[in-house]
Amino acid sequence: MNTAVSAPVIDLELARSFGLTDEEYAKVLKIMGRTPSLTELGIFSVMWSEHCSYKSSRRHLRTLPTKAPWVIHGPGENAGVVDIGDGLAAIFKMESHNHPSFIEPYQGAATGVGGILRDVFTMGARPVANLNALRFGDPSEADTKRVVDGVVRGIGGYGNCVGVPTVGGEVNFHPSYNGNPLVNAMTVGIAAQDRIFLSAAAGVGNPVVYVGARTGRDGIHGATMSSAEFDEESASKRPTVQVGDPFTEKLLIEACLELMATDAVVAIQDMGAAGLTSSAVEMASKGGMGIELDLDAVPQRESGMTAYEMMLSESQERMLMVLRPERTEEARRIFEKWDLDFAVIGHLTESGHIVIRHRGQTEADIPLEPLADEAPVYDRPVQLTPPPAPVLAPADPVGIEKALLTLLESPDLASRAWIWNQYDSTVGGQTVRRPGGADAAVIRVEGTKRGLAMTTDCTPRYGQADAWVGGAQAVAEAWRNLTATGARPLAVTDNLNFGSPENPQIMGQFVEAIRGMGDACRALDFPVVSGNVSLYNETRDENGQATAILPTPAIGAVGVIDDLAHVTGMQMPAEGTILLIGET
Amino acid sequence: MKAGIVVFPGTNRERDMIQALTGISGNTPRILWHREEDLTGLDLVVLPGGFSYGDYLRSGAMAAHSPIMKAVRRFAERGGHVLGVCNGFQILTEARLLPGALLRNAGMRFLSQDCFLKIEAPDSAFTRGWQKGDVFRAPMAHGDGNYTAAPEVLDRLEGEGRIAFRYCGPTGEVEAEDRAFNPNGSARAIAGVLSENRRVCGLMPHPENLTDPALGPTDGQPLFRSLVETFIA
Amino acid sequence: MKVRVFVSLKEGVLDPQGKAVGHALENLGFRDVGEVRISRVVDLDVPAATAQEAVEKGEAMARALLANEVIEDFRVEAAS
Amino acid sequence: MKVRVFVSLKEGVLDPQGKAVGHALENLGFRDVGEVRISRVVDLDVPAATAQEAVEKGEAMARALLANEVIEDFRVEAAS
Ligand SMILES: Nc1ncnc2c1ncn2[C@@H]1O[C@H](COP(=O)(O)OP(=O)(O)O)[C@@H](O)[C@H]1O
């Protein structure tokens, strides 16, 4: 190995290429009191990325209502948790995998499903349903076909294999998604309320355990690429696309649930974006602990990986947990039974630092408090787009019959059966309403007469006209879809997909959409319990001109049906009276 | 009826099968881990659906070589009843307990939809609750369900009345060349077959998912009732 | 020692994947592509003293798992 | 003229299938099988006057459809 020989110079230029601003790098220097190592710089850059730190969105998200008597855990945990009666809880969240799904639609969408599943079973829930909210470009563009085909196969390929039914979702087409499709995946799980697992680490000396698949050089910070040649072999070290392994995920679900039935687990966290870094930092910070990791013990798929690579790898199907020391061997046996790697890679300390050791060297030593507390928060300039003048009812140029047919054949309204016929919607044996069967999907809560209704909704063109309306309407539609099955709506998860927050007009859309969502949620007593933000959804043409996607605040929502004898669907009975409720 | 359900790494429809068997027989089946080899006391072994070993290499191939399949083979040789559904059917063909093989669906896509099945052989422990020509609905959910076998094997299966189920239309029309009726392109629209002694049965669709009245139609019940009757008698 | 196992569908067995690929190629404007057959190649590294021993191991693995002889043929090569 | 397109995963890209097969072979008693990688071979018959033309067509087809260059590499040979 020639790491020392070819180590890059750590300076502002490298920091910039890692995505840090000049002010952010100055902050790093101040916190560290010295020049950081490459691994440390990598850790700062991912923890302070928009994706992990929510630096542009945080202060706006805080305005959303998150509480209700039935909310057990709101935003801040891996997923939201609500009481559904009988001592059970529904645990759910939605998450985006937009950019990877454009680069490699199959794997991008598949690993998106894998990631959201882990967020839910990490908390102790068995995943019982998946949904997916998809936005694609102009259907007449050749590339749209590639993306649609790959995304749908990928969602099916992963969900079908892990055995979680995919029961609902939505699909829109619009040219603004050319080159930037949206893949928002939602998972709903069910857990016993007294067996919910959180991520805050506790107990000095407790072992930190790595389980699941091995670490490779998957999806390592794109920055390594652009940042000088610090290794002659850099071609072979290019960030590689993450490939999902749903089979390993299925084993991981079963092994984790088996382990969680014991009382071995103190804290657990999935390795999502910036895998080992964010999971270790989050667990330790939330618990106010220090953490020390020995990277030599990390199960590795490739040889010669550096500390930097291991800390930033985004290999899939991995989890980090803190165990009770006396239960470690019992836990090991469970993971070995399921043919999964299990390794003690560190322990908790009282130092308040994250310390990374590798091959006898200390590769990183960062105080956790400032890493979290001094993470940048931006109050970005906002410019509101005034709502357009009301559109007058158009004259009827084509006749109602032609208009109706045109609507029916439009890609946004045409049948989605081609898509959901590729998703196993019945596995698990609890599906009461499949895609196409009702306004929301319905799943029975196993062993009870209760059902859970779930839906995803958003009409981006409304948001384009008026972002407040777009946010409020999405929430209201989700609420209506749940009630249409006979369910009592409980709570919302969201996936806020927007363009660049550095553009004040986009920021305006973002802020207004959140205000609309918040207003609707408050009016309907429908709190937000989890969510995800995806910014910078833009494409640039040859002239550098940016086109942002339509503002797309996708809403996922869950409701409960106390007795499935009273579930409704949307098939018209042969006889009956049609009633229209509300103003037209 | 004492039934055992085999769980391989990647099996995912075992809960559906437990629910169907328990609902109809009143007895909870025994769960058999793929490393077990003891099947004593069982009347029926079920290989449920899923993606054993991820369906990597070929669906069912790796499961077919696991320790429990040696025991299942012995169990079958001694006249035990074995039911394989979906991935279970694929495993039974890979283990040569049933003839033929299951290739990728003709349209190259995973198919999750309801299909109709026609009873061709009501004279088995699995089908005795139906009459020849009966049609029932069942969900299918698979990517590799395109049944194939050498022409002489197919002829022999027909001759010996070992084709248990065929894909058909809602009123029983069998059109092997038409994917509206034979969605995955199976040879001669074959959806399920029987072993020579008629005690091993495999089929691709999922009758177990249509057995609980609380969830919808119950078209799949006769399969499980047939089995219950067989082992009471 | 490295061995490579080629597994292909037997002659006469319909190859749905090959057929779909052939069709897609035609649609992409590649005219007159004849029959398309898709096979699988498994590369392994086995402990063996001679090429012959490696090939024998490869054959044993093909028979045991890598090929389904009901529908597939296989061929094993020692790679260098 | 016959061409053969070899498509394999790029180095470093996870091969879940190869991993599972390696594991299964161990369980079947084939010890010390190293890393297992699974690739695909597509055999085609293309209209071409020379081997070079056939290889070029094969490459065009690989780029257009047969390989996913984000995660896969390919190599084309004219077969005899
Ligand atoms: N991507 C998808 N995955 C699974 N089901 C989907 C997807 N898109 C749409 N569906 C299902 O198709 C049906 C019709 O969808 P949509 O037209 O969006 O309905 P609605 O307007 O009633 O919300 C719904 O049952 C929905 O869940």
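As annotated in an unreviewed UniProt entry, chain C carries the name Phosphoribosylformylglycinamidine synthase subunit PurS and comes from Oecophyllibacter saccharovorans. A UniProt comment under Subunit (unreviewed entry) is attached to chain C, and it reads "Part of the FGAM synthase complex composed of 1 PurL, 1 PurQ and 2 PurS subunits." The Catalytic activity (unreviewed entry) field of the UniProt record for chain C holds the comment "N(2)-formyl-N(1)-(5-phospho-beta-D-ribosyl)glycinamide + L-glutamine + ATP + H2O = 2-formamido-N(1)-(5-O-phospho-beta-D-ribosyl)acetamidine + L-glutamate + ADP + phosphate + H(+)".

**Digging into the nonpolar core**
The biggest cluster of nonpolar side chains holds 119 residues, and the ones touching the most others in it are Phe335 of chain A, Met69, Leu83 and Phe165 of chain B together with Leu44 and Leu66 of chain C. The element contributing the most residues to this core is helix H10 (residues 246-260) of chain A, with 9 residues. Discounting chain neighbours no more than four positions away, the residues touching Leu44 of chain C are Met1, Lys2, Val3, Val5, Met61 and Leu66 of chain C together with Leu25, Val33, Glu35 and Val36 of chain D. Within the second largest apolar cluster, 61 residues are counted, among which are Ala474, Leu482, Ile506 and Leu535 of chain A.

**Concerning the relation of the copies chain C and chain D**
Note on the copies: chain C fits chain D at an RMSD of 0.2 Å, the axial shift is 0.1 Å, and the rotation between them is 180 degrees. A rotation of that kind, with that shift, is consistent with a two-fold axis. Using C-alpha coordinates, one finds that chain C approaches the rotation axis most closely at Arg40 of chain C, a distance of 2.4 Å. A high fraction, 100%, of the interface residues of chain C reappear at the interface in chain D, so the copies pair face to face through one surface.

**Focus: a nonpolar patch on the surface**
Taken together, the side chains of Leu404, Leu405, Leu407, Leu408 and Leu413 of chain A make up a nonpolar region of the molecular surface, amounting to roughly 500 Å² of accessible area. A relative accessible area of 52% places Leu413 of chain A in the exposed class.

**Side note on the packing of helix H2 (residues 22-32) of chain A against helix H3 (residues 38-47) of chain A**
Residue and element names in this part refer to chain A. Running from amino to carboxyl end, H2 crosses H3 at an angle of 125 degrees, the nearest separation of the two axes being 11 Å. With respect to H3, the element H2 is oriented oblique. For the crossing formed where H2 meets H3, the hand is right-handed. Of the residues in H3, those in contact with Tyr25, Val28, Ile31 and Met32 of H2 are Glu40, Leu41 and Phe44.

**Quick notes on H2 of chain A**
All names here are of chain A. Three or more residues of H2 are buried, namely Glu24, Tyr25, Val28, Ile31 and Met32. Down the axis of H2, the smallest arc covering the buried residues is 120 degrees, so these residues share one side. Along H2, exposed side chains directed more than 90 degrees from the buried face belong to Glu23 and Lys30. On its buried face, H2 sits against helix H1 (12-17), H3, strand S13 (361-367) and helix H14 (368-373). Following H2 by one or two positions, Gly33 has its phi on the positive side, about 70 degrees.

**What about the sheet that holds strand S10 (residues 318-323) of chain A?**
Residues and elements named next belong to chain A. The sheet built from 7 strands is open, its strands ordered S8-S10-S7-S11-S9-S12-S13 with mixed pairing. In this open sheet, the two strands that pair with only one neighbour each are strand S8 (265-270) and S13. Taken over all neighbouring pairs, the strand axes of this sheet differ in orientation by 20 degrees on average, direction set aside. Both strand S12 (residues 353-358) and S13 contribute to a ladder of 6 bridges, which runs antiparallel.

**As for the sheet that holds strand S18 (residues 528-534) of chain A**
Residue and element names in this part refer to chain A. As summarised here, the arrangement of the 6 strands in space is S14-S15-S16-S21-S17-S18, forming an open sheet in which the pairing is mixed. Looking at the sheet topology across the chains shown, the edges are occupied by strand S14 (431-433) and S18. Taken pair by pair, the neighbouring strands of this sheet meet at an average axis angle of 20 degrees, ignoring direction. With 6 bridges connecting them, strand S17 (residues 488-497) and S18 associate as parallel partners. Within S18, the residue paired with Leu496 across the bridge is Val533. Its contacts with the sheet place helix H18 (residues 467-483) against strand S16 (451-457), S17 and strand S21 (552-561), and it is angled at close to 25 degrees to S21.

**A word on the interface of chain C and chain D**
How big an interface is tends to be stated in terms of accessible area lost as the parts join. Tallying the contact residues gives 30 residues for chain C and 30 residues for chain D. The contact between chain C and chain D buries some 2,200 Å² in all, and 71% of this surface belongs to carbon and sulfur atoms. On the chain C side of the interface with chain D, the three residues burying the most area are Phe30, Val41 and Leu65 of chain C, jointly 19% of the side's total. Counting across the interface, chain C meets chain D through 0 salt bridges. Remark: the boundary between chain C and chain D carries 6 residue pairs in polar contact (both at pLDDT 80 or more). Among the secondary structure elements, those contributing two or more residues to the side of chain C that touches chain D are strand S1 (2-9), helix H1 (16-27), strand S2 (37-45) and helix H2 (51-66) of chain C.

**Brief notes about the site of the ligand**
Residues and elements named next belong to chain A. Taken together, 15 residues lie around the ligand, and Asn132, Gly169, Trp420, Tyr423 and Gly436 are the ones closest in. Within the backbone of Gly169, a nitrogen or oxygen atom sits 3.2 Å from an oxygen atom of the ligand. Note that an oxygen atom of the ligand is positioned 3.0 Å from one of the side-chain N or O atoms of Trp420. Relative to its unbound accessible area of 550 Å², the ligand is 78% covered by the protein chains. Among the elements that line the shell around the ligand, the one with the most residues is strand S5 (residues 166-173), at 4 residues. Residue composition of the shell around the ligand, grouped by class: 6 nonpolar, 5 polar and 4 charged.

**A closer look at the interface of chain D and chain B**
Every contact between the two is made by 7 residues of chain D and, on the other side, 4 residues of chain B. Across the interface of chain D and chain B, roughly 520 Å² is buried in total on both sides, 79% from carbon and sulfur atoms. The interface formed by chain D and chain B includes 0 salt bridges. On inspection of chain D and its partner chain B, the count reaches 1 residue pair in polar contact (both at pLDDT 80 or more). It is helix H1 (residues 16-27) of chain D that contributes the most residues to the side of chain D that touches chain B, 5 residues altogether. Its residues assigned to classes, the side of chain D that touches chain B shows 6 nonpolar, 1 polar and no charged.

**A look at the side chain of Gln221 of chain B**
Residue and element names in this part refer to chain B. Position of Gln221 relative to the elements: it lies in helix H6 (residues 221-232). Take Gln221: its relative accessible area is 13%, and that puts it in the buried class. At 2.3 Å, the side chain of Gln221 and the side chain of Arg225 are in polar contact. With sequence-adjacent residues up to four places away left out, Gln221 is seen in contact with Ile24, Leu210, Thr211 and Pro213.

**Re the packing of aromatic side chains**
Inspection of the entire model under this criterion finds 13 aromatic pairs over all chains. Ring geometry for Phe89 of chain B versus Tyr147 of chain B: centroids 5.9 Å apart, planes at 15 degrees, classification stacked. Of the two residues, Phe89 of chain B is situated in helix H4 (residues 87-94) and Tyr147 of chain B in strand S8 (residues 146-148); the sequence distance between them amounts to 58 residues. As far as the burial class goes, Phe89 of chain B and Tyr147 of chain B line up, both buried. Centroid distance Phe136 of chain B to Phe165 of chain B: 5.9 Å. Interplanar angle 70 degrees. Geometry classified as edge-to-face. Taken together, the positions of Phe136 of chain B in strand S7 (residues 135-142) and Phe165 of chain B in strand S9 (residues 163-168) put the pair 29 residues apart, joining distant regions of the chain. By relative accessible area, which is 0% here, Phe165 of chain B ends up buried. Taken together, the ring pairs connect Phe247 of chain A together with Tyr53 and Tyr56 of chain B into an aromatic cluster. Looking at Lys27 of chain A, its charged tip hangs above the ring of Trp48 of chain A, at a distance of 6.0 Å from the centre. One cation-aromatic arrangement involves Arg146 of chain A over Phe102 of chain A; the distance from NZ or CZ to the ring centre is 5.3 Å.

Cut-offs and rules
- Residues numbered from 1 in each chain as written.
- Chains lettered and ligands numbered in written order.
- Predicted model: local features only at pLDDT ≥ 70, side-chain atom pairs only at ≥ 80, totals over all residues.
- Heavy atoms only, no water.
- UniProt positions renumbered as here; feature names shortened; annotations may be inferred.
- Core = buried A, V, L, I, M, F, W, Y, C linked by side-chain atoms within 4.5 Å.
- Buried < 20%, exposed > 50% of the residue type's maximum accessible area, 1.4 Å probe, protein only.
- Helix = DSSP H or I, 4+ residues; strand = E, 2+ residues; numbered from the N terminus.
- Contact = heavy atoms within 4.5 Å.
- Least-squares fit on C-alpha atoms with pLDDT ≥ 70 in both.
- Patch = residues over 30% accessible without salt bridge, like charges linked within 9 Å, V, L, I, M, F, W, Y side chains within 5 Å.
- Areas by Shrake-Rupley, 256 points an atom, 1.4 Å probe, with all protein chains shown as cover.
- Salt bridge = Lys/Arg side-chain N within 4 Å of Asp/Glu carboxyl O.
- Axes fitted to C-alpha atoms, helices over the stretch in contact; angles between N-to-C directions.
- Parallel < 35°, antiparallel > 145°, perpendicular 65-115°, else oblique.
- Left-handed = near helix turned anticlockwise from the far one by under 90°.
- Arc of directions from axis to C-beta.
- Pairing = 2+ DSSP bridges.
- Buried area = accessible area lost by both parts, 1.4 Å probe.
- Polar contact = N/O pair within 3.5 Å; in protein donor to acceptor, adjacent residues only side chain to side chain.
- Near = heavy atom within 4 Å.
- Nonpolar A, V, L, I, M, F, W, Y, C, P; charged D, E, K, R; others polar.
- Phe/Tyr/Trp six-rings, centres within 6.5 Å; stacked < 30°, edge-to-face > 60°.
- Lys NZ or Arg CZ within 6 Å of the ring centre and 35° of its normal.

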